[in-house]
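Here are the chains, one letter per residue:
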Amino acid sequence: MKTLANQLRAILAAMLMLIATLPALAQYFVDNGIYYNVIDETTKTVEVTSGNNKYSGSITIPPSVTHNGISYSVTEIGNGAFSWCSSLTTITIPNSVTSIEEMAFARCTGLTSIAIPNSVT
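Undergrad: Just checking my understanding: could you explain the nonpolar core for this structure?
TA: Most often, soluble globular proteins have nonpolar side chains that are buried together. Among the nonpolar cores identified, the biggest contains 23 residues, and V48, Y55, I61 and F82 are the most heavily contacted of them. Looking at this core, the elements with two or more residues in it are β2 (34-40), β3 (45-49), β6 (70-77) and β7 (88-92). Broken down by element, this core gets its largest block of residues, four residues, from β2.

Undergrad: Mind showing me how you'd approach unusual backbone geometry here?
TA: When glycine is set aside, most residues are seen to have a negative phi, and most peptide bonds are trans. Even without glycine at this site, N68 takes up a positive phi of about 50°. Tracing the backbone through its elements, the reader meets N68 in the loop between β5 (64-67) and β6. Positioned with a positive phi, W84 is a non-glycine residue whose angle comes to about 65°. When you line up the elements, W84 lands in the loop between β6 and β7.

Undergrad: Before we go on, may I ask you to explain the side chain of T45 in this structure?
TA: Relative to the assigned elements, T45 resides in strand β3. If near-sequence neighbours (up to four positions away) are discounted, T45 is found in contact with N37, V38, I39, D40, Y72, S73 and T75.

Undergrad: When you look at the pattern of salt bridges in this model, what are you seeing that I'm missing?
TA: Any two side chains of opposite charge can pair, given that their charged atoms come close. Tallied over the full model, the rule gives one salt bridge. Among the ionic pairs, K44 bridges to E41, the shortest N-O distance being 3.6 Å.

Undergrad: Is there a simple way to explain the confidence of the model for the protein chain in this structure?
TA: Detailed reading of the predicted coordinates is not advisable wherever pLDDT is low. On average, residues of the protein chain carry a pLDDT of 88, and 82% of them reach 70 or more. The element-level mean pLDDT for the protein chain is lowest in helix α1 (residues 2-21), coming to 61, with β3 highest at 98. Low pLDDT, under 50, characterises residues 18-24; the predicted model gives this stretch zero contacts beyond four residues in sequence or across chains.

Undergrad: Whenever I open this one, the sheet that holds strand β4 (residues 57-60) confuses me. Can you help?
TA: Remark on secondary structure: sheet strands pair via backbone hydrogen bonds, oriented parallel or antiparallel. The three strands lie next to each other as β4-β7-β9, forming an open sheet whose pairing is parallel. Strands at the two margins of the open sheet, each flanked by one partner only, are β4 and β9 (113-115). Direction aside, the axes of adjacent strands within the sheet are offset by 15° on average. By the bridge criterion, three bridges tie β7 to β9 in an arrangement that is parallel. Paired with T90 across the bridge in β9 is S113.

Undergrad: In this structure, what is going on with the side chain of E47? I would like to understand it.
TA: Its place among the elements puts E47 in strand β3. Here E47 sits buried without a salt bridge, and the closest side chain of opposite charge, K54, lies 15 Å off (N-O distance). Aside from chain neighbours lying at most four places away, what touches E47 is Y35, Y36, N37, I39, E76 and G78.

Undergrad: Got a minute to help me understand the pairing of β5 in this structure?
TA: Along any regular strand the residues' side chains alternate between the sheet's two faces. On β5, burial follows the alternation: V65 and H67 on one face are buried, whereas S64 and T66 on the facing-out side are not. Two strands pair when backbone bridges link them, and β5 and β6 are joined in this way by four bridges, in the antiparallel orientation. Its bridge partner being in β6, H67 is matched across the sheet by I70. A loop of two residues connects β5 with β6, the two strands running antiparallel in sequence, and N68 in this loop sits at a positive phi of about 50°.

Conventions adopted
Residues numbered from 1 in each chain as written. Predicted model: local features only at pLDDT ≥ 70, side-chain atom pairs only at ≥ 80, totals over all residues. Heavy atoms only, no water. Core = buried A, V, L, I, M, F, W, Y, C linked by side-chain atoms within 4.5 Å. Buried < 20%, exposed > 50% of the residue type's maximum accessible area, 1.4 Å probe, protein only. Helix = DSSP H or I, 4+ residues; strand = E, 2+ residues; numbered from the N terminus. Contact = heavy atoms within 4.5 Å. Salt bridge = Lys/Arg side-chain N within 4 Å of Asp/Glu carboxyl O. pLDDT = per-residue confidence, 0-100. Pairing = 2+ DSSP bridges. Axes fitted to C-alpha atoms, helices over the stretch in contact; angles between N-to-C directions. Lys, Arg positive; Asp, Glu negative; His and termini not counted.

Here you go:
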């Protein structure tokens, strides 16, 4: 019986730790048709990511975005963020972006112009 009680306590402790980490899980939101994923709540940074709808036309990524009253700096273009967006024609990336992940623009067959700032490393 003591072993079962210890196992139940361990399971309960693990569940409580999992619940405690839920706010730290990735936060995803949309602003002005652009999908974002919070990278770090401490530094208030986000990445542009893909979403339910494909991007099309001309996109200008802002240097910062506000969600739930919190201002975030846009610092990354995420892995595959714009992939398969064949109707995307132009994109302008702000100086706040320092990283463009793999396959960010894969299969963007309609993309004719992209402005990548010197801040991207």
